[in-house]
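One letter stands for each residue in the lines below.
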Amino acid sequence: MTLQELLGILEEYAPLRLSAEYCRKFGAYDNSGIIVNSGKDVNSVMFALDLSPAVIKAALENGFNTIVTHHPAIYGAILHVDSTPGADTQAVYECANNGISVISMHLNLDVAPGGIDQSLMEACGGKAPLAVMEEVDGGAYGRLYEVQPKAFKECFADVKASLGAERILAFGDMDRKVSKVASFCGAGCSDEAIDFAWKRGADVFVSSDMKHHQITAILNKGMCIIVPTHYAAELYGFRKFAKAVAARAGLRSDIYCDSRIV
């Protein structure tokens, strides 16, 4: 299978046009698609949320010649390449030097049907959104939905278990009865997201990488908060995507998990 053929299969689940439309419509930036092309046919795929030296080491040790990431392996402009340990460009250099191709599927996978954002909703106990914050043709980001009524402490425990999260925070009255949740995958907490959730009666706000003033703003608006790590919140949906793509492509595959940040 060629690298372009693999990209075609990836796009069956998360078309790159979704990223282009989202960036154009909401002023975002992305760099999804083929990042490193080794010029070789794909014989196997390592899936990983991020490109890192540890992922490359695992790929090399197990004979994988292609890596598919969620976060872009190259995000902004690279002005120079440094291969020394710890350098920002080390991982990209190692891939190029060892003949490993890299494809990244970022915002397109966030907003795609069955993608990262929808999967976070499902992990939180939602089945279908009552409202979405940002919509593109065939996709969406930011969802408000109903969950089975329960105490917030039970809601928190269920989300923690679903995500397999070891490092996760909760803020609010643990005994409060909740039934409506708003979730935003990745670093999705913003003034717009807070207002979207609050104006639609959310009891619980779920996102990652929150700042202090955002936490206080959400609590002051009467909502409880669940803060999984960025990694845990997105690995849940990425695992489903990886399994579906591997089965569709018929390729040997594996999913790398960085247990330090789940």
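K.L.:
Got a minute to help me understand the overall build of the protein in this structure?
P.N.:
Helix and strand counts for the protein come out as 10 helices and 11 strands. Taking 262 residues into account, the globule formula puts the C-alpha radius of gyration at 18 Å, and the protein, at 19 Å, falls close to it. When the backbone C-alpha atoms are referred to their principal axes, the protein occupies close to 55 × 35 × 35 Å. Within the protein, buried positions represent 51% of all 262 residues. Sequence separation of 24 or more characterises 68% of the internal contacts of the protein that already satisfy a separation of 6 or more.

K.L.:
Looking at this model, I keep getting lost on helix H1 (residues 3–13). Mind explaining?
P.N.:
An α-helix turns once every 3.6 residues. As a result, residues three or four positions apart point the same way. Turning to H1, its buried residues are Leu3, Leu6, Leu7, Ile9 and Leu10. Relative to the axis of H1, the buried residues are bounded by an arc of 160 degrees and lie together on one face. If you follow the buried residues of H1, they end up packed against helix H2 (16–26), strand E1 (33–36), strand E2 (44–48), strand E3 (66–69), strand E4 (101–104) and helix H10 (230–249).

K.L.:
How should I be thinking about helix H4 (residues 90–97) in this particular structure?
P.N.:
Three or more residues of H4 are buried, namely Gln90, Ala91, Val92 and Cys95. On the buried face of H4, the contacting elements are E1, helix H3 (53–61), E3 and E4. Gly99, located one to two residues past H4, shows a positive phi value of around 70 degrees.

K.L.:
Would you explain the packing of aromatic side chains in this entry?
P.N.:
Aromatic ring pairs: the centre-centre distance and the angle between the two ring planes describe each pair. For the structure shown, the criterion picks out nine aromatic pairs. When the centroid spacing of 5.0 Å and the interplanar angle of 85 degrees are considered together, the rings of Tyr29 and Tyr75 count as edge-to-face. Residue Tyr29 is found in the loop between H2 and E1, and its partner Tyr75 is found in the loop between E3 and H4; the two are separated by 46 residues along the sequence. Here the aromatic cluster, defined as three or more aromatic residues joined through ring pairs, consists of Tyr22, Phe26, Tyr141, Phe184, Phe196 and Phe205. Lying across the ring of Trp198, Lys221 places its NZ or CZ 3.8 Å from the centre. Above the face of the Phe64 ring, Arg252 is positioned so that its terminal group lies 4.3 Å from the ring centre.

K.L.:
I keep staring at the nonpolar core and nothing clicks. Help me out?
P.N.:
It is characteristic of soluble globular proteins that their nonpolar side chains tend to be buried jointly. Counting 73 residues, the largest nonpolar core has Leu6, Phe47, Val68, Met105, Val204, Phe205 and Ile226 as the members making the most contacts within it. In contact with Val204, other than residues within four places in its own chain, are Phe152, Cys155, Val178, Lys180, Val181, Ala182, Cys224 and Ile226. By size, the runner-up hydrophobic cluster in this structure holds 16 residues, among which are Val36, Leu51, Ile67 and Ala91.

K.L.:
I tried to follow the sheet that holds strand E7 (residues 168–171) on my own but got confused; where do I start?
P.N.:
The strands that make up a sheet pair up through hydrogen bonds in the backbone, lying either parallel or antiparallel. Reading across the sheet, the six strands line up as E5-E6-E8-E9-E10-E7 and stay open at both edges, with mixed pairing between neighbours. The sheet is open, and its two edges are formed by strand E5 (131–136) and E7, each paired on a single side. Between one strand axis and the next, the sheet turns through 20 degrees on average, direction left out of account. Across five bridges, the pairing between E5 and strand E6 (residues 139–151) is antiparallel. What sits directly across from Glu135, in E6, is Ala140. The strands touched by helix H9 (residues 212–220) are E7, strand E9 (204–206) and strand E10 (224–228); relative to E10, the strand with the most contacts, the crossing angle is about 150 degrees.

K.L.:
Is there a simple way to explain the sheet that holds E3 in this structure?
P.N.:
The five strands lie next to each other as E1-E4-E3-E2-E11, forming an open sheet whose pairing is mixed. The two strands at the open ends of the sheet, each matched to only one other strand, are E1 and strand E11 (252–256). Taken over all neighbouring pairs, the strand axes of this sheet differ in orientation by 25 degrees on average, direction set aside. Pairing geometry for E1 and E4, over three bridges, is antiparallel. Counted as the bridge partner of Ile34 is Ile103 from E4.

K.L.:
Looking at this model, I keep getting lost on unusual backbone geometry. Mind explaining?
P.N.:
Among all residues save glycine, negative phi is the norm, and among peptide bonds the norm is trans. Not every positive phi belongs to a glycine, and Asp209 is a case in point at roughly 60 degrees. Tracing the chain through its elements places Asp209 in the loop between E9 and H9. The partly exposed category is assigned to Asp209, whose relative accessible area is 44%.

K.L.:
Teacher, can you tell me more about a nonpolar patch on the surface here?
P.N.:
Together, Ile78, Val81 and Tyr93 make up an exposed nonpolar region whose accessible area comes to about 260 Å². With respect to the secondary-structure elements, Tyr93 resides in helix H4. What makes Tyr93 partly exposed here is its relative accessible area of 33%.

The rules we used
- Residues numbered from 1 in each chain as written.
- Predicted model: local features only at pLDDT ≥ 70, side-chain atom pairs only at ≥ 80, totals over all residues.
- Heavy atoms only, no water.
- Helix = DSSP H or I, 4+ residues; strand = E, 2+ residues; numbered from the N terminus.
- Rg over C-alpha atoms; globule rule 2.2 N^0.38 Å.
- Buried < 20%, exposed > 50% of the residue type's maximum accessible area, 1.4 Å probe, protein only.
- Contact = heavy atoms within 4.5 Å.
- Arc of directions from axis to C-beta.
- Phe/Tyr/Trp six-rings, centres within 6.5 Å; stacked < 30°, edge-to-face > 60°.
- Lys NZ or Arg CZ within 6 Å of the ring centre and 35° of its normal.
- Core = buried A, V, L, I, M, F, W, Y, C linked by side-chain atoms within 4.5 Å.
- Pairing = 2+ DSSP bridges.
- Axes fitted to C-alpha atoms, helices over the stretch in contact; angles between N-to-C directions.
- Patch = residues over 30% accessible without salt bridge, like charges linked within 9 Å, V, L, I, M, F, W, Y side chains within 5 Å.
- Areas by Shrake-Rupley, 256 points an atom, 1.4 Å probe, with all protein chains shown as cover.
- Salt bridge = Lys/Arg side-chain N within 4 Å of Asp/Glu carboxyl O.

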